[in-house]
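Spelled out from the first residue to the last, the chains are:
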Amino acid sequence: MRILLIHPNYHSGGAEIAGNWPPAWAAYLSGALRAAGFDDIRFVDAMTNDLSDEQVAEIVAEAKPDLVGATAITPSIYKAERALQIAKEIHPDCVTVLGGIHATFMYQQVLSEAPWIDVVVRGEGEAVIQNLAHAVAVGDWPKERRRIRGLAFVDDGKIVATPAEPTLSDLEAVSPDWGVLEWEKYVYIPTGTRVAIPNMARGCPFTCSFCSQWKFWRDYRVRDPKKVVDEIESLVRDHDVGFFILADEEPTINRKKFIEFCEELIARDLPVQWGINTRVTDILRDEELLPLYRKAGLIHVSLGTEAAAQLKLDRFNKETTVAQNKKAIELLRKNGIVAEAQFIVGLENETVETLEETYRMAMDWKPDMANWAMYTPWPFSDLFQELGEKVEVFDYEKYNFVTPIMKPDAMDRATLLDRVMHNYRRFYMRKSFLEYPFIKDRTKRRYMLNCLKAFLKSGVQRTFYDLGRVGYWGPQSKKSVDFHFDETRTRDGEVLAVTGSPEWRAIHDQARKRADAEATRARKRREREAATAKACGGGDRQLSEAEMIFYEAARTSARTTDRTTAGDKVDAAQ
C-alpha cells in the first residue's frame, strides 16, 4: 500500500524566521507505520519547500497513494484541508486523513466544511494510524471504520466519533523514522546547524484554561532520560544535527528526570546545543543547577513571563510576580544561558501605555531576547468560550500569534501592530549596538549575533510578523495596513464549542480531576512555606519528586477505570 504524508504550506512570519523546522509528526507517524509493516511511505514538506498547489498535484499524480495524510495546527487548517482536496481531485480513490490538535477538537467544523476529507484522527496518532492503514490495506475500509478507535467521519450524512484510542503507556515503544525528513533543509540560523525537535515527555499534569496540551495528550508521561539521549545521539550521528529544541511544553516539570537527562548529555559529550521553553518558577527552583544545565549544552531558555504588568499576570492566572520574572532572567544570564522573555499583548484592555510599559519592563529585566506575541485564543480552549462576543475574528489562518485577533477597546489593530513593532525596533537596536557585540562568553556572543542576523534577514524580506503581506512599512503606513481577514467566516458559521463526543469529554474531565487533585495535595504540603514559587494556571503547582512518582502511579491505575467509565458513557450516548 502506498502512503503519502503532506505537511501543508503555511507561513506566518513567526518562529520560522529562525530557520526551517523539521515536522516531527511525520517522523513519528512514519515510524509507527513502518513498525506495522508499511514500507511504501513518502513525505512531502510543502511548507519548507514552499510548494504550490500545482506542484503538490504533480506529486500526488506521480505517487498514486492509497492513503494521504496531513496534519494541522489551528492556523494551518485551511492549507491542510486544501492539500487533501488536491489529493482527492487527482486520485479520487485515495483515503484522505487529517490529524493534529485542531482537527481533534474541531472535527465537526472540519468535516462539515471539507467533505473531501474521509476521516479525522483524534488525539495521539500512532496507534490510530496503524489501525486505519491496516483497514485500508485489507479492504475493511470503510465498512469496518466504526470499530477503529480515535476516528471521526461522516456516515450516512451524520458525523460520527468513535471512542478514543487509549494513550500510549510506553513511549519507548515509539520509534520515529527520522530518515523520512530532508535534513539538509532544516537549518537553525542562530547556530548554522541542522535542528531537530525530539520530545522527552507528552502532556502536562496541569490544566490551564488557556492551554490545550493537557486535553490533547490527556495524561502526562515521561520517557527514560537515557533513551532520549540515545535518540539525540542518533540524530547527531546519522543526520548531523547540531541543535535541538525539546518539544515538551515544560521539560523541567519532572526535576529528577531532567537532571538525569543533563547528566547523560554531559557524560556522552555530544557536539550539540539545545533550547527549551519553561516556567519562571522552575528556573527559581533550580538556581543551583543552572551551571549543570549550561554544561549539558542548554544555551537558550524561553520563559513564559507572559506579561510585564502584575495586573496582566493575574489575568492570565500565571500566579508569578514581576520580581520573580526579573530574578529568573538574571539567573539565566548569570549562567551564560540566553534568556528570552515572552510577552502576551493585544487583549481588549491593551493600550498604548500598557505596551510602553512592557518595553520599560523589558529594559529593567534585561532579557537577552524579547518576543511580543499577539494574544491568540485557541477555539477549543476554555478561555475562548469565556471571551464570548469579544472574539470577532474567526479566520483561523490568522490565529498565529503575529496577527491581532482581539481588538483592543482603546486602539485599532493597525496601531497595536505599530506599537509592537516600535518595541521590537527599540529593543533590538539597543541590543545590536550596545550589548551583543560585547558579550564576553564567545559561544553566547556568536549565538546572539546570529539571532540578530535572523531578525535582519526576515526584516529585509518583510516576512517578520507577515509585515510585507499586511502592508506595514512603519508608523506612516498604519492607515494602509490590511490583515486580509476572511470576513465570510463568522461566529454563526463556525463550530465554536469543543465538539468532542461524550466519551472524549468524559476522559478530559477525568484527566482534569486527577491533575487538580494532585495539585491540591501539592499546594497543601507547601502552605507553610512562605516563599513558595507558584506555577502557571493553578496555585502552588510545584510537584516534588515524590509527588511526581505518586502522579505517575495514580495515572496508571486510573487508566482502566477511565476507559470503562468512558465506554459506559458512550454506550449511553449512543
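Remember, predicted model here, so these are calculated numbers, not experimental data. (Residues numbered from 1 in each chain as written. Predicted model: local features only at pLDDT ≥ 70, side-chain atom pairs only at ≥ 80, totals over all residues. Heavy atoms only, no water.)

Visitor: Would you take a moment to explain helix H17 (residues 442–461) for this structure?
Guide: Turn by turn, an α-helix covers 3.6 residues, leaving residues three or four places apart pointing in a common direction. Counted at 1.5 Å a residue, the expected span for H17 with its 20 residues is 28 Å, and the 29 Å between its end C-alpha atoms agrees. Among the residues of H17, the N-terminal cap falls to Asp441, whose side-chain oxygen and the backbone nitrogen of Thr443 are separated by 2.9 Å. One or two positions beyond H17, positive phi appears at Arg462, with a value near 60 degrees. (Helix = DSSP H or I, 4+ residues; strand = E, 2+ residues; numbered from the N terminus. Expected span 1.5 Å × (residues − 1). Polar contact = N/O pair within 3.5 Å; in protein donor to acceptor, adjacent residues only side chain to side chain.)

Visitor: Quick question: what am I supposed to make of the nonpolar core here?
Guide: It is characteristic of soluble globular proteins that their nonpolar side chains tend to be buried jointly. With 113 residues, the main nonpolar core has Phe261, Trp274, Leu417, Val420 and Tyr465 as its most contacted residues. The element best represented in this core is helix H16 (residues 413–434), accounting for eight residues. Setting aside residues no more than four positions away along its own chain, Leu417 makes contact with Met374, Tyr465, Leu467, Val470, Tyr472, Val481 and Phe483. (Core = buried A, V, L, I, M, F, W, Y, C linked by side-chain atoms within 4.5 Å. Buried < 20%, exposed > 50% of the residue type's maximum accessible area, 1.4 Å probe, protein only. Contact = heavy atoms within 4.5 Å.)

Visitor: Even after reading the chapter, I still don't get a nonpolar patch on the surface, so can you show me in this structure?
Guide: Taken together, the side chains of Met429, Phe433 and Leu434 make up a nonpolar region of the molecular surface, amounting to roughly 350 Å² of accessible area. By the secondary structure assignment, Leu434 is in helix H16. What makes Leu434 exposed here is its relative accessible area of 56%. (Patch = residues over 30% accessible without salt bridge, like charges linked within 9 Å, V, L, I, M, F, W, Y side chains within 5 Å. Areas by Shrake-Rupley, 256 points an atom, 1.4 Å probe, with all protein chains shown as cover. Salt bridge = Lys/Arg side-chain N within 4 Å of Asp/Glu carboxyl O.)

Visitor: Teacher, can you tell me more about the sheet that holds strand E7 (residues 158–161) here?
Guide: Here seven strands make up an open sheet; going across it, the order is E2-E1-E3-E4-E5-E6-E7 and the pairing mixed. On the outer flanks of this sheet lie strand E2 (41–45) and E7, each paired with one strand and no other. If you compare each strand with its neighbour and ignore which way they point, the axes differ by 20 degrees on average. By the bridge criterion, five bridges tie strand E1 (residues 3–7) to E2 in an arrangement that is parallel. Looking at the pairing, Leu4 lines up with Arg42 of E2. (Pairing = 2+ DSSP bridges. Axes fitted to C-alpha atoms, helices over the stretch in contact; angles between N-to-C directions.)

Visitor: How do you make sense of the pattern of salt bridges when you look at a structure like this?
Guide: When the charged atoms of two side chains lie near each other, side chains of opposite charge can form a pair. The final tally for this structure, using the stated rule, is 39 salt bridges. Close ionic contact of Arg202 with Glu124 constitutes a salt bridge, the shortest N to O distance being 2.6 Å. With Arg202 in strand E10 (residues 201–202) and Glu124 in the loop between strand E5 (119–121) and helix H6 (126–138), the pair connects residues that are 78 residues apart, well separated along the chain. Residue classification places Arg202 among the buried positions, given a relative accessible area of 5%. A salt bridge links Lys398 to Asp395; the nearest nitrogen and oxygen atoms lie 3.0 Å apart. The pair formed by Lys398 and Asp395 is uniform in burial state, with each residue classed as buried.

Visitor: Just checking my understanding: could you explain the packing of helix H8 (residues 225–239) against helix H9 (residues 255–268) for this structure?
Guide: Between two packed helices, what matters for the description is the angle formed by their axes and the separation of those axes. The interhelical angle for the contact between H8 and H9, taken along N-to-C directions, is 40 degrees, at an axis separation of 8 Å. It follows that H8 is oblique to H9 by the angle criterion. The hand of the H8/H9 crossing is right-handed. On the side of H8, the interface is formed by Pro225, Lys226, Val228, Val229, Asp230, Ile232 and Glu233, while H9 contributes Lys257, Glu260, Phe261, Glu264, Leu265 and Arg268. Broken down by class, the residue content of the contact of H8 with H9 amounts to six nonpolar, no polar and seven charged. (Parallel < 35°, antiparallel > 145°, perpendicular 65-115°, else oblique. Left-handed = near helix turned anticlockwise from the far one by under 90°. Nonpolar A, V, L, I, M, F, W, Y, C, P; charged D, E, K, R; others polar.)

Visitor: Looking at this structure, I do not really get the pairing of strand E16 (residues 369–374). What am I missing?
Guide: Side chains on a regular strand alternate between the two faces of the sheet. Among the six residues that make up E16, five are buried, leaving the element largely enclosed by the rest of the structure. Between the parallel pair strand E15 (residues 338–345) and E16, the chain is carried across by helix H14 (residues 352–365), and the sense of this crossover is right-handed. (Right-handed = clockwise from strand over helix to strand, strands pointing away.)

Visitor: What is the right way to read the environment of Val119 from this model?
Guide: Its location among the elements puts Val119 in strand E5. Taking the relative accessible area as the measure of exposure, Val119 reaches 0% and is therefore buried. Separated by 24 residues in the primary sequence, Val119 and Val95 place their C-alpha atoms 7.9 Å from one another. With near-sequence residues (within four places) excluded, Val119 lies in contact with Val95, Thr96, Val97, Leu98, Leu132, Trp141, Leu151, Ala152 and Phe153.

Visitor: For this particular structure, what's the right way to read H6?
Guide: The end-to-end C-alpha distance of H6, which contains 13 residues, comes to 19 Å, matching closely the 18 Å that a straight helix rising 1.5 Å per residue would cover. Listing the buried residues of H6 in full gives Glu126, Ala127, Val128, Ile129, Leu132, Ala133, Ala135 and Val136. Structurally, H6 contributes buried residues whose contacts are with helix H1 (24–35), strand E3 (67–71), strand E4 (95–99), E5, strand E6 (151–155) and E10. Gly139 sits one or two positions beyond H6 and adopts a positive phi of about 85 degrees.

Visitor: Which parts of the structure should I look at to understand unusual backbone geometry?
Guide: Peptide bonds are trans in most cases, and residues, glycine excluded, mostly fall at negative phi. The omega torsion of the bond from Trp141 to Pro142 falls at 5 degrees, within 30 degrees of zero and hence cis. Looking at where Pro142 falls in the secondary structure, it is placed in the loop between H6 and E6. For Asp50, which is not glycine, the phi torsion reads 50 degrees and is therefore positive. Secondary-structure assignment places Asp50 in the loop between E2 and helix H2 (53–63). The backbone of Asp156 shows a phi angle near 55 degrees, a positive value even though the residue is not glycine.

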